[in-house]
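Residue-level structural notes
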Amino acid sequence: MNNTKILYVEDEPSLGKIVKESLESRNYQVKLVADGLQAVSAYEQWHPDICVLDVMLPHKDGFTIGQEIRAKNSLIPILFLTAKTQTNDLLQGFQSGGNDYIKKPFSMEELIVRIKNLLDLFDKKDHTATTEQIQLGAYIFYPLKYQLIHSQATLQLSHREAELLKIFATHQNQAIDRKTILLQIWGDDSYSNSRNLDVYIKKIRTYLKHDTRLTIVTLKGIGYHFYVP
C-alpha cells in the first residue's frame, strides 16, 4: 500500500468518483471532499501529503481553502484544478499558496505526473535545515523556509517562487538563459510552462518592490539579468 495520502476536494460527483478510484488503483490513499466548507477540517483530520483542490466549489472556493491550508503548513504541496486560464486567475492561485495547477479538462496521466513531481520536489528538500539565508539588498531570503523577509513584510513563498528566486540569488548581476530556468524548475520549456514563468517573474518583481535597487531586467531573446547592489 502506498503511504501517500491525498486530500482531493471536488464537487462534481462523477469526476470526483473517477479521479478518486483512478488514484486508489495506483495505491494512493484518497480523502474526497465535495464541499469547500469541509475541506480545512478534513485537512486537519486527514493530515495529507498533498492537497488537490478544485477552484470552483460551493460555499468556499479552492483559492481560499489553499490559503487557509498554507497558513497551517508552509511546506505541503498544493495543486489546483481549474478551468480558469487568465493570468490574474493564475496569479491568484499562486498567491493563495498553490505550487502548481492543472487545467480542466485533464487526463489522469497528467494529473498523476504532476502529483508525483510535486511530491518528489518536496521530498528532496531537507526541511530540517532552515538556517540558510541569502542577503538580497534590503531583504533576507530563506530558501529552505520559503520566506522572503523585509522590515515591512514577511512573505511566505510557494515552492516554485522560492526556486525561481534562488536561481536569481545564485546568479546575481549575471544574465541567465530563460530556457535554463524553465528546465530547472519545470523540467521542460513548453509554451504553457513559459507562460507560467512570466507569471512567476511578475510576482517576484512585486515581492521585491520595497527595494528599488533590486531589478529583474528582461533580456529579449535571451532571458533575464538580476541586478543586486
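Residues numbered from 1 in each chain as written. Predicted model: local features only at pLDDT ≥ 70, side-chain atom pairs only at ≥ 80, totals over all residues. Heavy atoms only, no water.

Right, let's talk about the packing of helix α6 (residues 159–169) against helix α8 (residues 191–207) for a bit. Between α6 and α8, the least distance of the axes is 10 Å, while the angle of their chain directions is 75 degrees. With respect to each other, α6 and α8 are oriented roughly perpendicular. Of the residues in α8, those in contact with Arg160, Glu161, Leu164, Leu165 and Phe168 of α6 are Leu197, Tyr200, Ile201, Lys203, Ile204 and Tyr207. Class assignment of the residues belonging to the contact of α6 with α8 gives a composition of 8 nonpolar, no polar and 3 charged. (Axes fitted to C-alpha atoms, helices over the stretch in contact; angles between N-to-C directions. Helix = DSSP H or I, 4+ residues; strand = E, 2+ residues; numbered from the N terminus. Parallel < 35°, antiparallel > 145°, perpendicular 65-115°, else oblique. Contact = heavy atoms within 4.5 Å. Nonpolar A, V, L, I, M, F, W, Y, C, P; charged D, E, K, R; others polar.)

This paragraph deals with the packing of aromatic side chains. What the rule picks out here adds up to 4 aromatic pairs. Judged by centre distance (6.1 Å) and plane angle (85 degrees), the rings of Phe168 and Tyr224 are edge-to-face. You can see Phe168 sitting in helix α6 and its partner Tyr224 sitting in strand β12 (residues 223–227), a full 56 residues away along the chain. Summarising the aromatic geometry, the rings of Phe168 and Phe226 are spaced 5.7 Å apart at their centres and angled 50 degrees between planes, so their arrangement reads as tilted. Here Phe168 is found in helix α6, whereas its partner Phe226 is found in strand β12, with 58 residues between them in sequence. Like Phe226, Phe168 is buried. (Phe/Tyr/Trp six-rings, centres within 6.5 Å; stacked < 30°, edge-to-face > 60°. Buried < 20%, exposed > 50% of the residue type's maximum accessible area, 1.4 Å probe, protein only.)

The next thing to look at is the nonpolar core. If you look at the biggest cluster of nonpolar residues, it comprises 68 residues, and the most contacted ones within it are Leu111 and Ile115. Looking at which element gives the most residues to this core, the answer is helix α5 (residues 108–123), with 7 residues. Those residues in contact with Leu111, other than ones at most four positions away along the chain, are Val19, Val52, Leu79, Leu81, Ile102 and Phe106. (Core = buried A, V, L, I, M, F, W, Y, C linked by side-chain atoms within 4.5 Å.)

For the rest of this paragraph, the subject is the pairing of strand β11 (residues 215–219). For β11 and β12, the ladder comprises 5 bridges, and the chain directions are antiparallel. Looking at the pairing, Val217 lines up with His225 of β12. Two successive antiparallel strands, β11 and β12, enclose a turn made up of 3 residues, where Gly221 displays a positive phi of approximately 80 degrees. (Pairing = 2+ DSSP bridges.)

In spatial order, the strands read β6-β7-β8-β9; together these 4 strands make up an open sheet with antiparallel pairing. Of all strands in the sheet, those with a lone pairing partner are β6 (134–136) and β9 (153–156), marking the two edges. Between one strand axis and the next, the sheet turns by 20 degrees as a mean value, whatever way the strands run. Both strand β8 (residues 147–150) and β9 contribute to a ladder of 4 bridges, which runs antiparallel. Along β9, the bridge assignment pairs Leu148 with Leu155. Sitting on the sheet, α6 is in contact with β6, β7 (139–142), β8 and β9, with an inclination near 120 degrees to β7.

Let us look at the sheet that holds strand β2 (residues 29–33). Taken together, the 5 strands give an open sheet; going across it, the order is β2-β1-β3-β4-β5, and neighbouring strands pair in parallel fashion. Every interior strand has two partners, whereas the edge strands, β2 and β5 (100–103), have only one. Between one strand axis and the next, the sheet turns through 20 degrees on average, direction left out of account. Sheet topology places strand β4 (residues 78–82) next to β5; 4 bridges connect them, and they run parallel. Paired with Phe80 across the two strands is Tyr101, which belongs to β5.

Attention now goes to unusual backbone geometry. In this structure, Pro105 follows Lys104 across a cis peptide bond, with omega equal to -10 degrees. Within the secondary structure, Pro105 sits in the loop between β5 and α5. Even without a glycine there, the phi angle at His47 is positive, about 55 degrees. With respect to the element layout, His47 can be found in the loop between α2 (39–46) and β3 (50–54).

In this section: the pattern of salt bridges. Within the structure shown, the criterion is met by 14 salt bridges. One salt bridge in this structure joins Glu21 and Lys17, with 2.9 Å as the shortest N-O distance. With Glu21 and Lys17 both in helix α1 (residues 13–25), this residue pair falls 4 residues apart, about one helical turn. Exposure remark for Glu21: the relative accessible area of 42% places this residue in the partly exposed category. Its salt-bridge partner being Lys203, residue Glu161 comes within 2.1 Å of it at the nearest N-O pair. Of this pair, Glu161 sits in helix α6 while Lys203 sits in helix α8, and the two are 42 residues apart along the sequence. (Salt bridge = Lys/Arg side-chain N within 4 Å of Asp/Glu carboxyl O.)

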